[in-house]
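Below are the chains, spelled out letter by letter.
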Amino acid sequence: RNLDLGIEQALLGDQVRFGVTWFNRRSTNLIVFSWDTYQSENIGKVDTDGLEVALQVRPDPHLQFAANYTLTNAINQSGTYLGKRLQLRPQHSGNVSADWETPVGLRLGASLFLAGDSFDDQANLVSLDGYALVTLRASMPLNDRLELYGRIENLTDAKYRTVAGYGTYGRAAYVGVRAKW
């Protein structure tokens, strides 16, 4: 069962958009991986509720700022771990970004993604620290069909974990060409 209630409002001739969504989900027979047994396990019942807030500001057609925040409460409602937060789900997360298209068509952007603390296990004994990731991106149309693009992810080379015992990418750069026909 899932219920979402939200509202989105455009203001100032669509230069500002604001949205809020409340969600509530009841899951039964949710399958998760257990690091204790190294097997998939069933959680009989999970209640998840939360709130998402988003804001987009476009002061002119070539500049955009956006931000969003999500509060998620995902709680085990059955079995041994009754009342514990679900593993690998940060309670708080958010993103802030800015994008600009220059007069010559070059598009530049930056994003900051924030993830709060989470737990690696169903018992909530193994904590995973929150983290922040910065991404830079650029793209330049070469003609009507080709675009050169590039991005740098994890610009600050942050050390973080989304699962205990597993590493994540450090700083990484990507370059490519997009084609459309």
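Procedures and definitions
- Residues numbered from 1 in each chain as written.
- Predicted model: local features only at pLDDT ≥ 70, side-chain atom pairs only at ≥ 80, totals over all residues.
- Heavy atoms only, no water.
- Salt bridge = Lys/Arg side-chain N within 4 Å of Asp/Glu carboxyl O.
- Helix = DSSP H or I, 4+ residues; strand = E, 2+ residues; numbered from the N terminus.
- Buried < 20%, exposed > 50% of the residue type's maximum accessible area, 1.4 Å probe, protein only.
- Core = buried A, V, L, I, M, F, W, Y, C linked by side-chain atoms within 4.5 Å.
- Contact = heavy atoms within 4.5 Å.
- Pairing = 2+ DSSP bridges.
- Phe/Tyr/Trp six-rings, centres within 6.5 Å; stacked < 30°, edge-to-face > 60°.
- Lys NZ or Arg CZ within 6 Å of the ring centre and 35° of its normal.

A. Broad picture of the pattern of salt bridges. For the coordinates displayed, the defined rule picks out eight salt bridges. Arginine 137 is the partner of aspartate 99 in a salt bridge, and the nearest nitrogen-oxygen pair spans 3.0 Å. In this pair, aspartate 99 is assigned in strand E5 (residues 92-101) and arginine 137 in strand E9 (residues 131-141), connecting sequence segments 38 residues apart. The class for aspartate 99 is partly exposed, based on a relative accessible area of 25%.

B. Representation of unusual backbone geometry. If you check the backbone angles, aspartate 14 has positive phi at about 75 degrees while not being a glycine. For aspartate 14, the position within the fold is in the loop between strand E1 (2-11) and strand E2 (16-34). Of note in the backbone geometry, asparagine 124 takes a positive phi value of approximately 60 degrees without being a glycine. If you trace the backbone, asparagine 124 turns up in the loop between strand E7 (118-119) and strand E8 (127-128). For asparagine 124, a relative accessible area of 14% gives the class buried.

C. Local environment of the nonpolar core. Val32, Ile43, Val46, Ala74 and Leu86 together form the largest nonpolar core, which totals five residues. Discounting residues that sit within four places of it in the chain, valine 46 has contacts with Arg25, Arg26, Ser27, Leu30, Ile75, Gln77 and Leu86.

D. View of the pairing of strand E6 (residues 107-115). In the sheet, E5 pairs with E6 via nine bridges, with the strands oriented antiparallel. Bridged to asparagine 95 within E6 is phenylalanine 113. The turn joining E5 and E6, which pair antiparallel and follow one another in sequence, is formed by five residues; a positive phi near 95 degrees is taken by glycine 105. The sheet contact formed by E6 and E9 spans nine bridges and is antiparallel.

E. Spotlight on the packing of aromatic side chains. Applying the stated rule across the entire model yields two aromatic pairs. Consider the rings of tyrosine 131 and tyrosine 160, whose centres lie 4.4 Å apart with planes at 25 degrees: the pair is stacked. Of this pair, tyrosine 131 sits in strand E9 while tyrosine 160 sits in the loop between strand E10 (146-153) and strand E11 (172-179), placing them 29 residues apart in sequence. Judged by its relative accessible area of 18%, tyrosine 131 falls in the buried class. Through a chain of ring-to-ring contacts, the aromatic side chains of Phe113, Tyr131 and Tyr160 assemble into a single cluster. Above the plane of the ring of tyrosine 174 lies arginine 151, whose end atom (NZ or CZ) is 4.4 Å from the centre. Taking the ring centre of tyrosine 149 as reference, the NZ or CZ of arginine 178 above it sits at 4.1 Å.

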